[in-house]
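What follows is each chain in one-letter form.
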Amino acid sequence: AQSVTQLDSQVPVFEEAPVELRCNYSSSVSVYLFWYVQYPNQGLQLLLKYLSGSTLVKGINGFEAEFNKSQTSFHLRKPSVHISDTAEYFCAAGGGGNKLTFGTGTQLKVEL
Amino acid sequence: NAGVTQTPKFRILKIGQSMTLQCTQDMNHNYMYWYRQDPGMGLKLIYYSVGAGITDKGEVPNGYNVSRSTTEDFPLRLELAAPSQTSVYFCASIAGGLEQYFGPGTRLTVT
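Residues numbered from 1 in each chain as written. Chains lettered and ligands numbered in written order. Predicted model: local features only at pLDDT ≥ 70, side-chain atom pairs only at ≥ 80, totals over all residues. Heavy atoms only, no water.

Asker: Let's hear about the nonpolar core: which residues, and what values?
Answerer: If you look at the biggest cluster of nonpolar residues, it comprises 28 residues, and the most contacted ones within it are A:Trp35, A:Leu48, A:Leu76 and A:Tyr89. Sorting the residues of this core by element identifies β2 (10-14), β3 (19-21), β5 (32-38), β6 (44-50), β8 (64-68), β9 (73-78), β10 (87-94) and β12 (106-111) of chain A as the ones contributing at least two each. Looking at which element gives the most residues to this core, the answer is β10(A), with 4 residues. With residues near it in sequence (within four places) discarded, A:Tyr89 still touches A:Gln6, A:Leu21, A:Trp35, A:Tyr36, A:Val37, A:Leu47, A:Phe63, A:Leu76, A:Gly105, A:Thr106 and A:Leu108. Within the second largest apolar cluster, 19 residues are counted, among which are B:Phe74, B:Leu78, B:Ala81 and B:Tyr89. (Core = buried A, V, L, I, M, F, W, Y, C linked by side-chain atoms within 4.5 Å. Buried < 20%, exposed > 50% of the residue type's maximum accessible area, 1.4 Å probe, protein only. Helix = DSSP H or I, 4+ residues; strand = E, 2+ residues; numbered from the N terminus. Contact = heavy atoms within 4.5 Å.)

As structure tokens, then:
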């Protein structure tokens, strides 16, 4: 069975600073990886996804993530955050069967 | 396209009451899912469906039932509400790129 670990439950960062949100997965089969963002009182919105090909994936709002098979990681990065990036971020992994396993989420708080 | 819609947005139930959470998608997706989200726990899969007439249990199905009579609709039924079912419920459907499209959620409180 797959598992997804988000190592940080909360990440505070100052505006315009870089940020990295960590995600590790465990899987013995091919894996598809996703990052979703959830703004307060809203549903989840896809930021980016890795299905195959280039290990560096670019998403919306200036976010990117790198798939690292040897370290089983899919960390999310942004070089300069904005106050509007304050939200909860979920990493998810999928394999066969079109089901996703979600991490427990990382609350990103951008401060002035 | 409206995408995935859920009703109601909020609901308060008394213990033992029943209700149906509605989910509709207009994207002709075969796969649909119900999740519950609890603080610090991420999303847990309750039930899913791979097409009309076919449903299966997810990770936390106890206390819930589903049906899928059409491609568009995937209602979730709570028969005897319990405080442990206080949560935010999300419906999702899947596109060809494996990404799931989520509805806005239903916030349920059982007291």
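Asker: Please set out the interface of chain A and chain B residue by residue, giving values where relevant.
Answerer: Listed by partner, the interface residues are 19 residues for chain A and 20 residues for chain B. Buried surface at the junction of chain A and chain B, both sides included, amounts to about 1,600 Å², of which 57% is carbon and sulfur. Joining chain A to chain B, the criterion identifies 1 salt bridge. A salt bridge links B:Glu99 to A:Lys49; the shortest N-O distance between them is 2.4 Å. At the surface where chain A touches chain B, the tally comes to 4 residue pairs in polar contact (both at pLDDT 80 or more). Contributions of two or more residues to the side of chain A that touches chain B are made by β5, β6 and β11 (100-102) of chain A. The element best represented in the side of chain A that touches chain B is β5(A), accounting for 4 residues. (Buried area = accessible area lost by both parts, 1.4 Å probe. Salt bridge = Lys/Arg side-chain N within 4 Å of Asp/Glu carboxyl O. Polar contact = N/O pair within 3.5 Å; in protein donor to acceptor, adjacent residues only side chain to side chain.)

Asker: Quick rundown of the pairing of β10(A)? Include the residues and the values.
Answerer: Residues and elements named next belong to chain A. Within β10, 7 of the 8 residues are buried, which leaves it mostly tucked inside the rest of the structure. Sheet analysis places β5 next to β10, joined by 7 bridges and oriented antiparallel. Of the residues in β10, the one forming a bridge with Tyr32 is Gly94. Direction of pairing for β10 relative to β12: antiparallel, over a ladder of 3 bridges. From the neighbouring strand, Ala87 faces β12, where its bridge partner is Leu108. Pairing of β10 with β11 involves 3 bridges; the strand directions are antiparallel. Residue pairing in the sheet places Ala92 in a bridge with Phe102 of β11. (Pairing = 2+ DSSP bridges.)

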